Each structure stands twice: as C-alpha cells, then as structure tokens.
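# Examining the three-dimensional arrangement
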Amino acid sequence: MARQPAVFAVLVLVTGVITGMVLYSRAGFFGLTYSVIAAQSPNGYGIPLDHPAFTQMARPGVMASANGLEFIDGSPDTGQYLWQALTTFPGFVVASGAFFLLWRLLWRARSGVYIPQVARQVRLLGWWLLVGGLLAPQIERFARMRLLDTMAVGEANYLLGEIPLVVPLVALGLLALAGILRDGVRMRDDLEGTV
C-alpha cells in the first residue's frame, strides 16, 4: 500500500463512504436532513405490552415488554438540529482524521520505515486516536442528553458515555510502536555513523 498511494487513497475513499453510509444512515446527513428530531431516553421503563398484536407474537409464558422511550419533535428549532448533528459529528471527525493520518503515514513510509517522519506520523496517529477516541463518545453523549433536555423534563442522564475499548488499546499500541520506531531510527543513524 505504501508503494501505491493512489490505490490506497481509493480504498480509503471507498471504506470511508461505506463507513459513513452505515454509521450515519440512521440519522440522515448528521440528522440535518429529516424534518423531525428524535431523542431516546437512557432510562429503562419496562412497559408491559398487553395488546393482542404483541401477546400473540410471544410464546406461552412469555410477556412482551418495551423498555425504550423515544421523544419525537415535529417542529425542531436550530438548536435542536445543532445538538442532533453533534450526536454523530465528533465520531465522523475522528474517523476521517484517522483515515487521513493513516494515508499520510503510508505516504511517508514509501522511502522506508526507519525514518523520523514515520515515527512522528505513527505517534501523531496514536495520539489522535487516543484523544479522539476518548472525547468523541463523551461529546456525542452530552449532545444526546442536551437534545433530550430540549424535548423532555427530567429524562436526561449526564453520565459518561461508553468508550469502545479497542480504540484506546490501538492508540496505546501505536504510541508504543512510535517509540520503537524512534529507537530504530536512532540505531540506524548510529550504524550509518560507525560505517
């Protein structure tokens, strides 16, 4: 991939488009293309459904229950659209930035792995994923709760958002790899100096 940057750029573009379609199709273009705004309550209610349409689907001895409560506003204002966009935009920025930094890393690695620029790019990608991977879910969670606050009273729950474990682990692995590459660059320079 490092020797064929055009091929890699096309693969990144296709992967980015597919990822964007999968992640953001549920909310349109960052939630700005729908005429209604919806916010889900984080609280579980366990409302029993005793309507025949639900009880006929359940097997004998099983009770149907709905635990999600969603609020829908048919006439959203600009602030609600902004909060809706912030429920998906930070993750998009982190993913887009990671694709761009990965492309730059592979572009720099064309002339070799043990050069200072590659070590810097790996370290930059690691920090981007670590900081972005920790902050983006929190910003998105806060935006979801602020959006919910505009539609319901007392439903918002301002706790920390869930952080995917793999993102910080990959970021820490990249930071460790950057240190190894930096040591490799130093050793290579020492070898070239002694020869």
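Residues numbered from 1 in each chain as written. Predicted model: local features only at pLDDT ≥ 70, side-chain atom pairs only at ≥ 80, totals over all residues. Heavy atoms only, no water.

## Structural notes on the environment of A109
Along the chain, A109 turns up in the loop between α4 (89-108) and α5 (116-149). Between the C-alpha atoms of A109 and Q121, which are 12 residues apart in sequence, the distance is 9.5 Å. (Helix = DSSP H or I, 4+ residues; strand = E, 2+ residues; numbered from the N terminus.)

## Regarding the pairing of strand β1 (residues 37-40)
Only one face of β1 is covered, namely the face carrying I37 and A39; the face carrying A38 and Q40 is uncovered. Bridge analysis of β1 against strand β4 (residues 70-73) gives four bridges, and the strand direction is antiparallel. Its bridge partner lying in β4, Q40 is registered against E70. (Buried < 20%, exposed > 50% of the residue type's maximum accessible area, 1.4 Å probe, protein only. Pairing = 2+ DSSP bridges.)

## Quick word on the side chain of R141
Along the chain, R141 falls in helix α5. E162 is the oppositely charged side chain nearest to the buried, salt-bridge-free R141, at an N-O distance of 7.9 Å. For R141, the contacting residues outside a window of four places in its chain are P42, N157, L159, L160 and G161. (Lys, Arg positive; Asp, Glu negative; His and termini not counted. Salt bridge = Lys/Arg side-chain N within 4 Å of Asp/Glu carboxyl O. Contact = heavy atoms within 4.5 Å.)

## A closer look at α5
With 34 residues, α5 should cover 50 Å at 1.5 Å per step; its first-to-last C-alpha distance of 49 Å lies within 8% of that length. The principal kink in α5, of about 25°, is found at G132. (Expected span 1.5 Å × (residues − 1). Bend = angle between axes of the 7 residues up to and from the residue.)

## A closer look at the confidence of the model for the protein chain
Averaged over every residue, the pLDDT of the protein chain is 81; the share at 70 or more is 85%. Across the protein chain, the secondary-structure element scoring lowest on mean pLDDT is helix α1 (residues 5-24), at 67, and the one scoring highest is α5, at 93. (pLDDT = per-residue confidence, 0-100.)

## Points about the packing of α4 against α5
Two quantities define a packed helix pair, namely the angle between the helix axes and the distance between the axes. Orientation of α4 relative to α5, taken along the N-to-C sense of each, is 175°, at an axis distance of 9 Å. It follows that α4 is roughly antiparallel to α5 by the angle criterion. (Axes fitted to C-alpha atoms, helices over the stretch in contact; angles between N-to-C directions. Parallel < 35°, antiparallel > 145°, perpendicular 65-115°, else oblique.)

## Here's the deal with the environment of A178
Within the secondary structure layout, A178 lies in helix α6 (residues 166-194). According to the relative accessible area criterion, A178 is buried, its value standing at 1%. Note: C-alpha distance between A178 and R120 (58 residues apart in sequence) is 7.0 Å.

## Structural notes on the nonpolar core
Judged by nonpolar contacts, the single largest core of 16 residues is most densely connected at L105, V118, V122, L125, L129, L174 and L181. Of all the secondary-structure elements, those providing two or more residues to this core are α4, α5 and α6. Residues contacting V118, with those up to four places away along its chain left out, are L105, R108, A109, G112, V113 and L181. Counting seven residues, the second-largest nonpolar core is a separate cluster that includes I37, L148, M151 and A152. (Core = buried A, V, L, I, M, F, W, Y, C linked by side-chain atoms within 4.5 Å.)

## So, a nonpolar patch on the surface
A contiguous nonpolar patch, built from F89, F92, V93 and W128 and spanning about 310 Å² of accessible area, is present on the exposed surface. In terms of residues, the nonpolar patch owes the most to one element, α4, which gives three residues. If you trace the backbone, F92 turns up in helix α4. Residue F92 is classed as partly exposed on the basis of its relative accessible area, which comes to 32%. (Patch = residues over 30% accessible without salt bridge, like charges linked within 9 Å, V, L, I, M, F, W, Y side chains within 5 Å. Areas by Shrake-Rupley, 256 points an atom, 1.4 Å probe, with all protein chains shown as cover.)

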